[in-house]
Protein chains: 2
Amino acid sequence: MLKVSIAPDGKEYPLPSEEDAQKEREILKQITAEQKALGRKIVAVQGLGFVGCVMATVVADATDKDGNPFYFVHGHQRASQRSYWKVPVINSGIPPVNSSDPEVPAIFHRTVVEKKNFRATSEESVYGLVDIVVVDIQLDATKPAFGDAEKGYCDITAFREGIRTLGKHIQPECLVLVETTVPPGTCEKVVKPILEEEFTKRGIDIEKNPPLIAHSYERVMPGAHYVASIRDFWRVFSGVNPKSIELCREFLSHVLDVENYPLTQLDSTNASELAKTMENSYRAVNIALTLEWAKFAEQIGVDIFKVRDAIRKRKETHDNLLRPSLGVGGYCLTKDPVLANWAMKSLFGVEGSLDFAIKAVNTNDTMPLHTIDIVKSVYPDLKNLKIAVLGVSYLEDVGDTRHSPSKTLVEFLRKDLAIVKTHDPYVETWPEMEENHIQNDLNNVLPESDVVIFAVGHSQYRKLDPKYVVDLCKTKPLIVDCSNFLSDETINIYKDLGCKVRGVGKGHIVNEK
Amino acid sequence: MLKVSIAPDGKEYPLPSEEDAQKEREILKQITAEQKALGRKIVAVQGLGFVGCVMATVVADATDKDGNPFYFVHGHQRASQRSYWKVPVINSGIPPVNSSDPEVPAIFHRTVVEKKNFRATSEESVYGLVDIVVVDIQLDATKPAFGDAEKGYCDITAFREGIRTLGKHIQPECLVLVETTVPPGTCEKVVKPILEEEFTKRGIDIEKNPPLIAHSYERVMPGAHYVASIRDFWRVFSGVNPKSIELCREFLSHVLDVENYPLTQLDSTNASELAKTMENSYRAVNIALTLEWAKFAEQIGVDIFKVRDAIRKRKETHDNLLRPSLGVGGYCLTKDPVLANWAMKSLFGVEGSLDFAIKAVNTNDTMPLHTIDIVKSVYPDLKNLKIAVLGVSYLEDVGDTRHSPSKTLVEFLRKDLAIVKTHDPYVETWPEMEENHIQNDLNNVLPESDVVIFAVGHSQYRKLDPKYVVDLCKTKPLIVDCSNFLSDETINIYKDLGCKVRGVGKGHIVNEK
């Protein structure tokens, strides 16, 4: 039986046979030669995930002042059942990710179909043909116990394999630009030794040809400005030697809007890697501390969000203050502190720990339990309680469910034997959950609900008429606002309709009419 | 023997006798009547400390559009040996605080001598004559154990006495505006019951005349813009009832630059009090977390300050990120988290704790020990080591030594039997220290030093020529930069002169030439 890779839309793509691979290798050589003849440098992007696939289009889309592309881009994705489908999908000009940013489908069509300078492949020999590899391999942190991020670690096996593949194929003068968020020290302590080892095996003199390795981290934000968040934003970079730094600077200057967002060069890849993980740890701590104050505010009748607004009037010193909510999700804030904490001992062998950052991860990971406590303050026993959870993505008006706090919410509500229905206007399937079909119609979710939890502040929910919600429920449900999007006026309407209302950090609404 | 109060300049002022007090009461009545006849409202400021005395001048300095003062201000300071001297000093037109802000002496002279609408008194009957009392009583947190702020508490005895004094004297329609940073809940749970009790004793019907109480916190910064930081800055306020809110808004609108810095009204005094302590806790946490990353950076050869600059390019989301240093001093960040944490159980009887904020206080209080560890990384035994500590105030280019981290530094160095000399261009005496004379001349401090610690980044130190420093030492001292003010160039000059150089968060400078 042929192995197949199944795309999210259900379409099946057979994995390439050895014969297919043979053909592909010839095609790659031919295309590369043609593109070089056009004066273009050749780039490979390793890993066509959330960042890699869009980064590849941004690189392909970059042109000189006459409108000629600087680069031809090979996107490389291994021929795994899980991910191979991305290759044919991209090559048809379709993005392999969903996004609310209209620039995403546009830039895929433009580079794949119109300019024809971006093409995906699963053939790893492609790395032998290129001037630059941009590494966008996924690298996760593992947190073996809930709320115990101290025990978190980073399994770099797959990352090391990916780098070894490069070491086996790349030309000695090829720049390896690591864009993946990695534990500090990775370029110096992981990437460099592997490339040196593979170069040496291939008879390359690493004294004369030391591997060229740089690090520059993206600051991508899912949502309406996805492409711009990669291309038109501040970048930090460094390299392991002057040549790497020079090549990296040249590449980023071609690809990004460095006129409006000048590059920031740091002294070493250690520094650049540290910066990324510190940057996200700062945010993680910033959110975590607000939960304590939110709980205090709830107990003394204070609206923490109005307090936050008052504090944030102090621009430049206090306006980064974040807000409590259901919890913290996504790919970065949930793991980057763990990567950095793990690196201290595991890559550098030094003592110490990043206590604030790790404590923040624990607070943020367990934050959804506070919303359950809020429900329990009204319904101490959740057994058979009918609960509608509105919103399962990790961010407002985005369909991304990675590490969504709604997952923790739903799992723990079900542990307490509540009957939970889930809804999200942006999510069809919830890959992280066993029961993964998500309702997009409130008519299938709200009727008979005892509790309605506004878990995520999607615009659609903001617009809901309280009377519509309560009529649909046919109950007087407890309303729980996790995202501070019910105004005091709306809350009073719910109260007038006979509902109790509660909210994370909203101590001022506890008194019922 | 007459009791006297001794000013910082050594001048002695006898405390007022009963006869003096009698006369003063008559003077107060007469002045107040004259000022009322001019159409002015009468304000008392309770407590002429760091904030109160300048706030009093700002109130007195406020005028209507024709240049006529809105208010006459009585500044009240109890006739204690410790503080009475402020009354005659102020009444001579001289500020009782040192400041680098030239507006401080100017505004005292203008209001006391020229406009003659600010006058200090130690006579508490003054409160019976006024329309508004601004409460600026000092309120400290007590931290009984070093690095263990969980055990911190707030002794509100003196504050309660101050409020009781008001309750005994004020007219029922007088607004009590609390400006002191207080534990959340203080206006509702401390001030209100005391005023109600005293009003009732005086036969005032508190149903008809509920006490008028508001809270609005200052955001004063010592330094060159001291006066402006009170007058021309964002203010948050609230009151215990609508009348209090209205009077408070009117008062603040007269006194502050609300055109450029519109007032922020919160729902309750609980909210306003919470905002102040949360605001400073945010800063405290923000500093504390940087120490962990600084230590990591030091171990892996990274300059944390360049990393910080790279991160702070992200305006509005990341530019509040603070920096590690010798430690955290001053009156606010060191105590406000403790006030809030204490209030939870002690004023509201609720469970919970502000773990991040309290952990931050502990990290910040003990941060100077890290600088000692840096010294010990070069000189493991401090005994008889000659150490020059440059800077004893808590802030750059300010002479304020309150809760200065240099105190912890010097004390712990001396515990390890180092021979410590201290220098500060802005400080003559160090009231918090037993041996409190501070050198202002580097000639008396640097010679023979084995270690020079730049504890505070005063401008004078920034300008120092490395050769001058090394020549004066007549040694090749270890240079320790706690404030990131030695540039890489200056560091290299010190290295060329044969010195080792170290710095908080400056991992990149460890390698000696």
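Residues numbered from 1 in each chain as written. Chains lettered and ligands numbered in written order. Predicted model: local features only at pLDDT ≥ 70, side-chain atom pairs only at ≥ 80, totals over all residues. Heavy atoms only, no water.

Within chain A one finds 17 helices and 17 strands. Its C-alpha atoms give chain A a radius of gyration of 25 Å, near enough to 24 Å, the size a compact globule of 513 residues would have. When its C-alpha atoms are laid out on the principal axes, chain A stretches across 80 × 50 × 45 Å. Across the 513 residues that make up chain A, the buried fraction comes to 59%. Restricting the contact set of chain A to residue pairs at least 6 apart, pairs at least 24 apart contribute 73%. For chain A, the exposed surface amounts to about 20300 Å²; the carbon and sulfur share of it is 49%. Of note, chain A has its 62 positive side-chain charges centred 2 Å away from the centre of its 72 negative side-chain charges. (Helix = DSSP H or I, 4+ residues; strand = E, 2+ residues; numbered from the N terminus. Rg over C-alpha atoms; globule rule 2.2 N^0.38 Å. Buried < 20%, exposed > 50% of the residue type's maximum accessible area, 1.4 Å probe, protein only. Contact = heavy atoms within 4.5 Å. Areas by Shrake-Rupley, 256 points an atom, 1.4 Å probe, with all protein chains shown as cover. Lys, Arg positive; Asp, Glu negative; His and termini not counted. Charge placed at Lys NZ, Arg CZ, Asp CG, Glu CD.)

Our next topic: the interface of chain A and chain B. Contacts between chain A and chain B engage 59 residues on the former and 59 residues on the latter. Between chain A and chain B, a total of about 5700 Å² is buried, with carbon and sulfur atoms accounting for 71% of that surface. Of all residues in chain A, Met278, Trp293 and Phe356 of chain A give up the largest surface area on contact with chain B, accounting jointly for 15% of the area buried on that side. Between the two partners, chain A and chain B, sit six salt bridges. Ionic pairing is found between aspartate 267 of chain A and lysine 306 of chain B, a salt bridge with its closest N-O pair at 2.8 Å. At the junction of chain A with chain B, the criterion picks out 28 residue pairs in polar contact (both at pLDDT 80 or more). Every element with two or more residues in the side of chain A that touches chain B is listed here: helix H9 (269–299), helix H10 (304–312), helix H11 (336–348) and helix H12 (355–366) of chain A. With 20 residues, H9 of chain A is the single largest residue contributor to the side of chain A that touches chain B. Split into classes, the residues belonging to the side of chain A that touches chain B amount to 32 nonpolar, 14 polar and 13 charged. (Buried area = accessible area lost by both parts, 1.4 Å probe. Salt bridge = Lys/Arg side-chain N within 4 Å of Asp/Glu carboxyl O. Polar contact = N/O pair within 3.5 Å; in protein donor to acceptor, adjacent residues only side chain to side chain. Nonpolar A, V, L, I, M, F, W, Y, C, P; charged D, E, K, R; others polar.)

When the UniProt feature table is mapped onto this chain, "domain: UDP-glucose/GDP-mannose dehydrogenase C-terminal" (unreviewed entry) is found at residues 388–488 of chain A. In the segment residues 388–488 of chain A, helix accounts for 24% and strand for 16%; the C-alpha atoms at its two ends are 22 Å apart. (UniProt positions renumbered as here; feature names shortened; annotations may be inferred.)

The next subject is the domain arrangement of chain A. Residues and elements named next belong to chain A. The assigned domain composition of chain A is domain 1 (4–144 + 173–269) and domain 2 (367–509). With centres defined by C-alpha atoms, the gap from domain 1 to domain 2 works out at 39 Å. Tallying the contact residues gives five residues for domain 1 and six residues for domain 2. Interface area for domain 1 against domain 2, summed over the two sides, is near 360 Å², with a carbon-plus-sulfur share of 64%. (Domains from an automatic or database assignment.)

Further remarks concern the environment of asparagine 117 of chain A. All names here are of chain A. Note on placement: asparagine 117 falls in the loop between helix H4 (103–114) and strand E5 (118–121). The spacing of asparagine 117 and glycine 507 is 390 residues in sequence and 56 Å in space, taken between C-alpha atoms. Ignoring anything within four residues of it in the chain, the contact list for asparagine 117 reads Gln35, Arg40, Ala60, Pro69, Tyr71, Phe72, Val73 and Thr111. Here the side chain of asparagine 117 touches tyrosine 71 through a polar contact of 2.9 Å, landing on its backbone oxygen.

Copies of the same chain, two in number, are related to each other by a rotation about an axis and a translation along it. When chain A is fitted to chain B, the residual RMSD is 0.1 Å, and the transformation amounts to a turn of 180° plus an axial shift of 0.0 Å. What we have between these two chains is a two-fold relation. Of every C-alpha in chain A, the one belonging to asparagine 320 of chain A sits nearest the axis of rotation, 3.0 Å from it. Interface overlap between copies: 100% of the residues of chain A at the interface are likewise at the interface in chain B, consistent with a symmetric, same-surface contact. (Least-squares fit on C-alpha atoms with pLDDT ≥ 70 in both.)

A separate point is the side chain of asparagine 320 of chain B. Here asparagine 320 of chain B shows up in the loop between helix H10 (304–312) and helix H11 (336–348). Note on asparagine 320 of chain B: relative accessible area 1%, which makes it buried. Setting aside residues up to four positions removed in sequence, asparagine 320 of chain B forms contacts with Tyr282, Glu316, Thr317, His318, Asp319, Asn320 and Leu321 of chain A together with Tyr282 and Asn286 of chain B.

We now examine the nonpolar core. With 156 residues, the main nonpolar core has Phe159 of chain A together with Phe159 of chain B as its most contacted residues. With residues near it in sequence (within four places) discarded, phenylalanine 159 of chain B still touches Val135, Ile137, Leu139, Val178, Thr180, Val182, Thr186, Val190 and Val191 of chain B. (Core = buried A, V, L, I, M, F, W, Y, C linked by side-chain atoms within 4.5 Å.)

A few words on the sheet that holds strand E12 (residues 264–265) of chain B. Sheet architecture is open: eight strands sit in the order E5-E4-E3-E6-E9-E10-E11-E12 (chain B), paired in mixed fashion. Two strands close off the open sheet at either side, each with one partner strand: strand E5 (118–121) and E12 of chain B. (Pairing = 2+ DSSP bridges.)

What follows is about the sheet that holds E5 of chain A. Sheet strands pair by backbone hydrogen bonding; their relative direction is either parallel or antiparallel. All names here are of chain A. Pairing is mixed across the open sheet formed by eight strands, whose spatial order is E5-E4-E3-E6-E9-E10-E11-E12. Either end of the sheet is taken by a strand with one partner, and the two such strands are E5 and strand E12 (264–265). Seen against the sheet, helix H2 (residues 52–61) touches strand E3 (41–46), strand E4 (71–76), E5 and strand E6 (132–135) and runs at an angle of roughly 165° to E4. In the packing of H9 onto the sheet, contacts are made with strand E10 (212–217) and strand E11 (236–239), and the angle to E10 comes to roughly 20°. (Axes fitted to C-alpha atoms, helices over the stretch in contact; angles between N-to-C directions.)

Let us look at the state of the cysteines. Residues and elements named next belong to chain B. By the definition in use, this model includes zero disulfides over all chains. Counting only cysteine sulfurs, cysteine 332 is the nearest neighbor of cysteine 53, a cysteine outside any disulfide, at a range of 15 Å. Free of any disulfide, cysteine 154 has its nearest neighbouring cysteine sulfur in cysteine 187, separated by 13 Å. (Disulfide = S-S within 2.5 Å.)

Below, the discussion takes up the pattern of salt bridges. Under the counting rule described, the total for this entry stands at 62 salt bridges over all chains. For the salt bridge of glutamate 411 of chain A with lysine 407 of chain A, the shortest nitrogen-to-oxygen distance reads 3.3 Å. Of the two residues, glutamate 411 of chain A and lysine 407 of chain A both sit in helix H14 (residues 405–415), four residues apart, roughly one turn of that helix. When its relative accessible area of 24% is taken as the criterion, lysine 407 of chain A is described as partly exposed. In this structure, glutamate 26 of chain B and lysine 29 of chain B form a salt bridge, with 3.9 Å as the shortest nitrogen-oxygen distance. Of this pair, glutamate 26 of chain B and lysine 29 of chain B both sit in helix H1 (residues 18–37), three residues apart, roughly one helical turn. In this structure lysine 29 of chain B comes out as partly exposed when scored by relative accessible area, which is 48%.

All names here are of chain A. In terms of burial, E10 is a largely internal element, six of the six residues being buried. Burial along E10 is two-sided: the residues Leu212, Ala214 and Ser216 and Ile213, His215 and Tyr217 are all buried. Pairing of strand E9 (residues 175–178) with E10, which is carried by four bridges, proceeds in the parallel orientation. Pairing of leucine 177 across the sheet is with alanine 214, part of E10. Handedness of the crossover is the feature at issue here: the chain leaves E9, passes through helix H6 (residues 186–201), returns alongside E10, and the resulting connection is right-handed. Direction of pairing for E10 relative to E11: antiparallel, over a ladder of four bridges. Paired with alanine 214 across the two strands is glycine 239, which belongs to E11. (Right-handed = clockwise from strand over helix to strand, strands pointing away.)

Let us look at unusual backbone geometry. Residues and elements named next belong to chain A. Phi angles above zero are rare outside glycine, and asparagine 384 is one such case at about 65°. Tracing the backbone through its elements, the reader meets asparagine 384 in the loop between helix H13 (368–378) and strand E13 (386–390). The phi angle at glutamate 448 is positive, at roughly 75°, despite the residue not being glycine. Tracing the backbone shows glutamate 448 in the loop between strand E14 (419–423) and strand E15 (451–454).

In this section: the packing of H9 of chain A against H11 of chain A. Residues and elements named next belong to chain A. Packing of H9 against H11 leaves a shortest axis separation of 8 Å and a crossing angle of 140°. One way to sum up the angle between H9 and H11 is to call them oblique. Here H9 contributes Asn270, Lys276, Thr277, Asn280, Ser281 and Ala284 to the contact with H11, which in turn contributes Asp336, Pro337, Ala340 and Phe348. Of the residues belonging to the contact of H9 with H11, the class tally is four nonpolar, four polar and two charged. (Parallel < 35°, antiparallel > 145°, perpendicular 65-115°, else oblique.)

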